[in-house]
Amino acid sequence: MSLTKATLFKKAAISKPELLGEFFGEDVYVKSVSELQRSRRMASLYDVKKEQMRPDAMQRARCLTIVDHVCDKKGEATFTEKDVNDIMKLDALKIDLLISSIEEWADKREKKLQGK
């Protein structure tokens, strides 16, 4: 049996938002990113002319994890790229908890999709 376009579009569609847990006294929801969003994000962190990562890429990458994944119950993004500089000023230990949880969620989700 071969993969059909309809099957790919159905099975690989963006999932509904999921409750990540309670952080800072609030329920936090996360969603997966689209292929377009991931590709754009990766491209924005790379300097094509110099053929290397942009100097600020590593500084921004963790905060962009929050921007790309955190959403409300309906899947609407809570943050935008305009919020990155403000997120970067927050308490790193508190932000670590949120980013680590998002990464764990993504890891578990990937393993489920791979059938592990």
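Residues numbered from 1 in each chain as written. Predicted model: local features only at pLDDT ≥ 70, side-chain atom pairs only at ≥ 80, totals over all residues. Heavy atoms only, no water.

J.: If you had to explain the overall build of the protein chain to someone new, which residues and values would you point to?
T.: Regarding its fold elements, the protein chain presents five helices and five strands. Ordered by position from the N terminus, the helices and strands of the protein chain form the series α-β-β-α-β-β-α-β-α-α. Accessible surface for the protein chain amounts to roughly 9,100 Å². Of this, 54% is attributable to carbon and sulfur atoms. (Helix = DSSP H or I, 4+ residues; strand = E, 2+ residues; numbered from the N terminus. Areas by Shrake-Rupley, 256 points an atom, 1.4 Å probe, with all protein chains shown as cover.)

J.: Before we move on, could you go through the side chain of Asp68 and cite the residues and values that matter?
T.: Its place among the elements puts Asp68 in helix α3 (residues 57-69). Side-chain polar atoms of Asp68 contact the side chain of Arg41, separated by 2.6 Å. Excluding residues that lie within four positions of it along the chain, Asp68 makes contacts with Lys31, Val33, Gln37 and Arg41. (Polar contact = N/O pair within 3.5 Å; in protein donor to acceptor, adjacent residues only side chain to side chain. Contact = heavy atoms within 4.5 Å.)

J.: Can you lay out the nonpolar core for me, pointing to particular residues and giving the numbers?
T.: Counting residues in each nonpolar core, the largest one holds 18 residues, and the members touching the most others are Leu20, Val28, Ile66, Leu98 and Ile102. For this core, the secondary structure elements donating two or more residues are β1 (18-23), β2 (26-30), α3, α4 (84-88) and α5 (92-114). Excluding residues that lie within four positions of it along the chain, Val28 makes contacts with Glu18, Leu19, Leu20, Gly21, Phe23, Val70 and Leu98. (Core = buried A, V, L, I, M, F, W, Y, C linked by side-chain atoms within 4.5 Å. Buried < 20%, exposed > 50% of the residue type's maximum accessible area, 1.4 Å probe, protein only.)

J.: Tell me about the confidence of the model for the protein chain, and name the residues and values.
T.: For the protein chain, per-residue confidence averages 90 on the pLDDT scale, and 97% of positions sit at 70 or higher. Looking over the protein chain, one finds the lowest element-wise mean pLDDT in strand β3 (residues 46-47), namely 85, and the highest in strand β5 (residues 70-71), namely 98. (pLDDT = per-residue confidence, 0-100.)

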